[in-house]
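Per-entry structural report
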Amino acid sequence: MIFAKVVGTVVANQKDEKLEGSKLLLCQETDAEGNDYEDDSYHVAVDAVKAGVGDFVLISYGSSARMTSSTRDSPIDAVIMAIIDDVELTED
Amino acid sequence: MIFAKVVGTVVANQKDEKLEGSKLLLCQETDAEGNDYEDDSYHVAVDAVKAGVGDFVLISYGSSARMTSSTRDSPIDAVIMAIIDDVELTED
Amino acid sequence: MIFAKVVGTVVANQKDEKLEGSKLLLCQETDAEGNDYEDDSYHVAVDAVKAGVGDFVLISYGSSARMTSSTRDSPIDAVIMAIIDDVELTED
Amino acid sequence: MIFAKVVGTVVANQKDEKLEGSKLLLCQETDAEGNDYEDDSYHVAVDAVKAGVGDFVLISYGSSARMTSSTRDSPIDAVIMAIIDDVELTED
Amino acid sequence: MIFAKVVGTVVANQKDEKLEGSKLLLCQETDAEGNDYEDDSYHVAVDAVKAGVGDFVLISYGSSARMTSSTRDSPIDAVIMAIIDDVELTED
């Protein structure tokens, strides 16, 4: 899973039928403290936990993205499956 | 999922039988605004949403690429599963 | 599988129901000797072997992360499935 | 899928029993015009379409590599599933 | 699949129960001639073909790593599924 912040939404009317009702969110990968990386790369993920713009989330990739009740058998490879409250880092 | 623009087609006569009737499209990854990256890397994906050259699309990878009705059980690892109308970016 | 050291925990209250009871651990990839890489990149993985902060572990990715009894059918793509006691390197 | 050119063969006598009869081909990734990349990285893939040295092919990765009749349930993660006749690039 | 050389072993007593009896080998990726890459990155894979230190092998990744009789349903994402005898490279 990667850390990301939700920064926008993706609108797509012409899409696979299994995506009907799904919310496609634009996310930006962050470090463990929620800070953006400099490269500004984006990730598109389906929301499974009622996440919204500004939320600090976890994105799961691959076949695991289809393991939520709202994404089962859907042709998507990334899902937001948790909203992060806190990251407790014990530096070594 | 990644953002991409459809830029061409791939013609292959000798192929796995499950690919018969599939349209192989040449795509170029873009940023969230639909702008090409400079490295000119290409992605080959099967079309599942009647996409055409010039369309701004989403590509899904891995086993999820087989989750559309036209790609089920096919030996392909990338599918175009949505045509993008708009990306609403709320900068942070 | 990659080598990693557990360096913290991730707290998420709003999450997919299959994650209830799972422990999300923050990990840092290491080399075969357990030394951190310089880039400070983090990995988030679910614990399946009662690992704790400071442990030197193996993380498995993708659908294989769902193959432990505690992660089956869960929307997670990384699992700690072993705690490393020793790495015997026979240099060539 | 990636573009590649078949450049050799891999001989392995001691292998998983499901690989018996499979042809392991050495491939080099190319761009959409079939030109080699400079880094000389190699890809090993199982042939599913009677490809030979010199052919310009498509390689599919991951679980999709097991979706051809000759690779079903085999422990391989890359398959040649099409021989390319032409790539029609409509520059933007 | 990638080319690798077996360079050591990984000892882990506390591990998922499906890993009991599995041999975890430390591998180093090589080029097609069996030469190490300079970056010294390591790969950990389960052995399915009685490979040993010094052997030149093929590693398969992802769900395909679970397709051997000794790794079925195991939470591992990399398996050694062939020992290479020869790589015949026909330069272009």
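Our focus in this paragraph is the overall build of chain A. Helix and strand counts for chain A come out as zero helices and seven strands. Its helices and strands taken in sequence order, chain A reads β-β-β-β-β-β-β from the N to the C terminus. Computed over the C-alpha atoms, the radius of gyration of chain A is 13 Å, within 12% of the 12 Å expected from 2.2 N^0.38 for a compact globule of 92 residues. Projected onto its principal axes, the C-alpha coordinates of chain A cover approximately 45 × 25 × 20 Å. Per-residue burial over chain A gives 57% buried out of 92 residues. Taking as baseline every contact in chain A between residues at least 6 positions apart, the subset at least 24 positions apart corresponds to 53%.

Of the two same-sequence chains, chain D is brought onto chain E (RMSD 0.0 Å, axial shift 0.0 Å) by a rotation of 72°. As the rotation angle and translation indicate, the two copies are arranged about a five-fold axis. Of the residues that chain D buries at the interface, just 11% are likewise interface residues in chain E, meaning the two copies contact each other through different surfaces.

On the side of chain A, 28 residues touch chain C, which itself brings 27 residues to the contact. Among the secondary structure elements, those contributing two or more residues to the side of chain C that touches chain A are β1 (2–11), β2 (14–15) and β4 (42–47) of chain C. Within the side of chain C that touches chain A, the residues separate by chemical class into 13 nonpolar, seven polar and seven charged. In this structure, strand β7 (residues 86–89) of chain A lies alongside β1(C), joined through four bridges in antiparallel fashion.

Note on the copies: chain C fits chain A at an RMSD of 0.0 Å, the axial shift is 0.0 Å, and the rotation between them is 72°. Looking at chain C, a mere 11% of its interface residues are interface residues in chain A too, so the copies touch through different faces.

A common way to report how large an interface is uses the accessible area buried once the components associate. Between chain D and chain E, the contact holds 27 residues from the first and 27 residues from the second. Counting residues per element, the ones that place at least two in the side of chain D that touches chain E are β1 (2–11), β2 (14–15) and β4 (42–47) of chain D. The biggest single contributor to the side of chain D that touches chain E is β1(D), with six residues. The residue makeup of the side of chain D that touches chain E, split by class, is 13 nonpolar, seven polar and seven charged. As paired strands, β2(D) and strand β6 (residues 78–83) of chain E are joined by two bridges and run antiparallel to one another. Note that in β6(E) the partner of D:Gln14 across the bridge is E:Ile83.

This brings us to the arrangement of the chains. In this assembly chain A lies apart from chain D, the nearest approach of their C-alpha atoms being 10 Å. Chain B makes no contact with chain E; the smallest distance between any of their C-alpha atoms is 10 Å.

A few words on the nonpolar core. Formed by 170 residues in total, the largest nonpolar core has its most connected members in A:Ile59, B:Ile59, C:Ile59, D:Ile59 and E:Ile59. Leave out the neighbours within four places in its chain, and D:Ile59 touches D:Met1, D:Ile2, D:Ala4, D:Cys27, D:His43, D:Ala45, D:Ala78, D:Val79 and D:Ile80.

Once that is clear, we can look at unusual backbone geometry. Residue and element names in this part refer to chain B. In this structure, Asp73 is a non-glycine residue whose phi angle is positive, near 65°. Along the chain, Asp73 turns up in the loop between β5 (56–61) and β6 (78–83). For Asp73, a count of 9 C-beta atoms within 10 Å gives the class exposed.

What follows covers the environment of E:Asp73. Note: C-alpha distance between E:Asp73 and E:Lys18 (55 residues apart in sequence) is 7.7 Å. With near-sequence residues (within four places) excluded, E:Asp73 lies in contact with C:Met67, E:Lys18 and E:Arg66.

Time to look at the pairing of strand β5 (residues 56–61) of chain C. Residues and elements named next belong to chain C. Burial within β5 is extensive, with five of its six residues counted as buried. Sheet topology note: the β1/β5 ladder contains four bridges and is antiparallel. Its bridge partner lying in β5, Lys5 is registered against Phe56. Pairing analysis gives five bridges linking β5 to strand β6 (residues 78–83), with the strands arranged antiparallel.

This next bit is on the environment of E:Tyr42. Take E:Tyr42: it is sitting in strand β4 (residues 42–47). We classify E:Tyr42 as buried; it has 21 C-beta atoms within 10 Å. Note: C-alpha distance between E:Tyr42 and E:Val11 (31 residues apart in sequence) is 15 Å. In this structure E:Tyr42 touches C:Asp31, C:Ala32, E:Leu26, E:Cys27 and E:Gln28, once residues within four positions along its chain are discounted.

All names here are of chain E. The buried fraction of strand β3 (residues 24–29) amounts to five of the six residues, a majority that puts the element mostly inside the structure. Relative to β3, strand β1 (residues 2–11) runs antiparallel, the two sharing six bridges. Across the sheet, Thr9 pairs through a bridge with Leu25, a residue of β3.

Residue-level pLDDT values for chain A average 95, and 98% of them are 70 or greater. For this predicted complex, the interface score ipTM comes out at 0.94, while the overall pTM is 0.96.

Moving on: the environment of D:Val10. With respect to the secondary-structure elements, D:Val10 resides in strand β1. The sequence separation of D:Val10 and D:Val46 amounts to 36 residues, and the corresponding C-alpha distance is 9.8 Å. Those residues within four positions of D:Val10 in sequence are excluded, and the remaining contacts are D:Leu24, D:Leu26, D:Val44, E:Ile84 and E:Val87.

About the thresholds
Residues numbered from 1 in each chain as written. Chains lettered and ligands numbered in written order. Predicted model: local features only at pLDDT ≥ 70, side-chain atom pairs only at ≥ 80, totals over all residues. Helix = DSSP H or I, 4+ residues; strand = E, 2+ residues; numbered from the N terminus. Rg over C-alpha atoms; globule rule 2.2 N^0.38 Å. Buried ≥ 20, exposed ≤ 12 C-beta atoms within 10 Å, placed from the backbone. Contact = placed C-beta atoms within 7 Å. Least-squares fit on C-alpha atoms with pLDDT ≥ 70 in both. Nonpolar A, V, L, I, M, F, W, Y, C, P; charged D, E, K, R; others polar. Pairing = 2+ DSSP bridges. Core = buried A, V, L, I, M, F, W, Y, C linked by C-beta atoms within 7 Å. pLDDT = per-residue confidence, 0-100.

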